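One-letter residues, chain by chain:
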Amino acid sequence: MMKIGFVFSSAPHGSASGREGLDALLAASAFCDNLVVFFIGDGVFQLLEGQQPGQILSRDYIASFKMLPLCDVETIYACQASLTARGLEQTSTVLSTQALSLEQIKTQLSGCDRILHF
């Protein structure tokens, strides 16, 4: 079975990248059982709970990440260094993630047959 990695590395507002990645991830979950999600760099901001994108005239899709476990997407990682650098270690998130070091993330990514980057 093919293993597909989804990497979120951009901030949630200012571009449609995060929303497009979430849409692709949800669509892929209907066809593939072996999906892995990574939040690295500014992508960890995708996980923050309580965002109010309407104030900057943006669409709210962050809460939709809560649907991933319902779609059997349960392997979800966040970069520990990215969380620490942005002061997000103790912050409430919309998803339960496992924090990994950058080296551990590289190892997990190397096991993916395809990687989609958003």
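Residues numbered from 1 in each chain as written. Predicted model: local features only at pLDDT ≥ 70, side-chain atom pairs only at ≥ 80, totals over all residues. Heavy atoms only, no water.

Participant: Explain the packing of aromatic side chains to me, please; I cannot follow it from the model alone.
Facilitator: Describing an aromatic ring pair means giving the distance of the ring centres and the angle of the ring planes. For the structure shown, the criterion picks out six aromatic pairs. With centroids separated by 6.3 Å and ring planes inclined at 10°, the aromatic side chains of Phe6 and Phe118 adopt a geometry described as stacked. Pair noted here: Phe6 is in strand E1 (residues 4-8) and Phe118 is in the segment after strand E5 (114-117), with a separation of 112 residues, a long-range link. Residue classification places Phe118 among the buried positions, given a relative accessible area of 17%. Geometrically, the ring pair formed by Phe8 and Phe65 is edge-to-face, given 5.5 Å between the ring centres and 80° between the ring planes. Of this pair, Phe8 sits in strand E1 while Phe65 sits in the loop between strand E2 (35-39) and strand E3 (75-79); the two residues are 57 residues apart in sequence, bridging distant segments of the chain. Note on accessibility: Phe8 and Phe65 belong to one class, buried. Three or more aromatic residues joined by ring pairs form one cluster here, namely Phe6, Phe8, Phe39, Phe65 and Phe118. (Phe/Tyr/Trp six-rings, centres within 6.5 Å; stacked < 30°, edge-to-face > 60°. Helix = DSSP H or I, 4+ residues; strand = E, 2+ residues; numbered from the N terminus. Buried < 20%, exposed > 50% of the residue type's maximum accessible area, 1.4 Å probe, protein only.)

Participant: Sorry, what's going on with the sheet that holds strand E4 (residues 98-100) here?
Facilitator: In sheet architecture, strand pairing relies on hydrogen bonds along the backbone and comes in two forms, parallel and antiparallel. With parallel pairing, five strands are arranged side by side in an open sheet as E4-E3-E2-E1-E5. Each edge of the open sheet carries a strand with a single partner, namely E4 and E5. Strand-to-strand twist in this sheet, taken as the mean axis angle between neighbours without regard to direction, amounts to 25°. With four bridges connecting them, E2 and E3 associate as parallel partners. Bridge assignment links Val37 to a residue of E3, and that residue is Ile76. Across the sheet, helix H1 (residues 17-29) is in contact with E1 and E2; its angle to E1 comes to roughly 160°. Helix H3 (residues 102-110) rests against E1, E2, E3, E4 and E5 of the sheet, and its axis sits at about 105° to E4. (Pairing = 2+ DSSP bridges. Axes fitted to C-alpha atoms, helices over the stretch in contact; angles between N-to-C directions. Contact = heavy atoms within 4.5 Å.)

All we've got here are geometric facts, nothing functional implied.
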